[in-house]
Amino acid sequence: MKKLLLPVLISGFIVTGCSSIPKNLGGNSELVSTASYQQLYENPVQYKGQEVRIGGRVVNVINHENETLFEIAVQPLDKTARPDIDQPYQGRVMVKKAGFIDPLTLRNHLITVLGTVDNSVQGRVGKAQYKFIVLNMLGYQIWHIRENLIPVESWNYGFGPYWNDGWSAYPYPYPYVMDWGWYPAPDSFQIQKTIVK
């Protein structure tokens with residue numbers, strides 16, 4: 001009986017490990033707010049000091065003497081705290097981190113941040129005025145996009161493989177002249193994007 005249970009337990013750990021939130025984004029699970037970006041944007045004072053997870057693409061990085069600021073174009077997170085790249089951007093946040101982070105490690109990368117809500121500040125996106133929610137960073141995870149080619153079975157409607165070009169080649173009716181209908185198309189593929197560490 002113990003021998004039978006061991007593979008089941010191991011596979012359960014593997015599945016859990018693959019679908020869990022990374023440790024550096026865990027925070028205090030009882031205190032991490034489930035507030036959406038829209039809720040934070042509309043009333044940042046209500047959430048001041050609370051832990052939140054925000055993710056998306058880093059669009060700007062500014063290094064000061066003692067801290068690094070970076071701007072995230074926010075996208076919804078899935079249940080494993082990865083940005084959902086199929087969803088539209090919701091807005092922008094500014095994240096503060098004490099110390100130096102090389103801009104090359106952040107800019108244009110997908111990221112999820114665990115941080116505490118600080119306040120909101122007025123800034124600019126291009127020449128437009130914009131209100132940024134400001135977070136104090138506690139932890140972060142950079143993500144990468146893995147592209148896999150997935151074969152797709154598709155069908156064409158039209159002349160089949162035995163169609164003869166032209167009606168005059170054979171006297172009508174001829175069994176292959178009217179070879180019309182659904183036929184398998186040549187192998188085709190679609191790109192499946194997966195977010196990974």
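The preceding data block contains the structure.
In short, a report on the structure. Sequence positions are assigned chain by chain, starting from 1 and proceeding in written order. Local features are withheld for residues below a pLDDT of 70 in this predicted model, meaning they are given only at 70 or higher, and side-chain atom pairs are given and counted only at 80 or more; totals for whole chains, interfaces and linings count all residues. Side-chain numbers come from the whole structure's heavy atoms, not from hydrogens or water.

1. Description of the pattern of salt bridges
We define a salt bridge as a contact between a side-chain nitrogen of Lys or Arg and a carboxyl oxygen of Asp or Glu at a distance within 4 Å. With the rule as written, the count across this model stands at three salt bridges. With a closest N to O distance of 3.3 Å, D118 and K48 form a salt bridge. Here D118 is found in strand β4 (residues 110-125), whereas its partner K48 is found in the loop between α2 (37-42) and β1 (51-63), with 70 residues between them in sequence. Between R92 and E71 there is a salt bridge; the shortest N-O distance is 2.6 Å. Of this pair, R92 sits in strand β3 (residues 91-98) while E71 is found in strand β2 (residues 67-75), placing the two residues 21 residues apart along the sequence. For E71, a relative accessible area of 6% gives the class buried. Counted as one network, the salt bridges with shared partners bring together K48, K96 and D118. Here a helix means four or more residues in a row that DSSP labels H or I, a strand means two or more in a row labelled E, and each is numbered from the N terminus. Whether a residue is buried, partly exposed or exposed follows from its accessible area with a 1.4 Å probe, protein chains only, as a fraction of its type maximum: under 20%, in between, or over 50%, in that order.

2. With respect to the layout of surface pockets
Here the largest pocket defines a volume of roughly 310 Å³. With a 1 Å grid spanning the protein atoms alone, the term cavity applies to any set of points in which a 1.4 Å probe fits but cannot get out, the term pocket to an open set with protein on both sides within 12 Å along at least five of seven lines, and the term lining residue to any residue with an atom within 4 Å of a point. Around the largest pocket, the lining comprises 18 residues; the ones closest to its centre are T34, A35, S36, R53 and L77. The element best represented in the lining of the largest pocket is β1, accounting for three residues. Polar here means any residue outside two lists: the nonpolar Ala, Val, Leu, Ile, Met, Phe, Trp, Tyr, Cys and Pro, and the charged Asp, Glu, Lys and Arg; Gly therefore counts as polar. Classifying every residue of the lining of the largest pocket by side-chain character gives nine nonpolar, six polar and three charged. Grid points are joined across faces, edges and corners, and a volume is the space filled by probe spheres set on the points.

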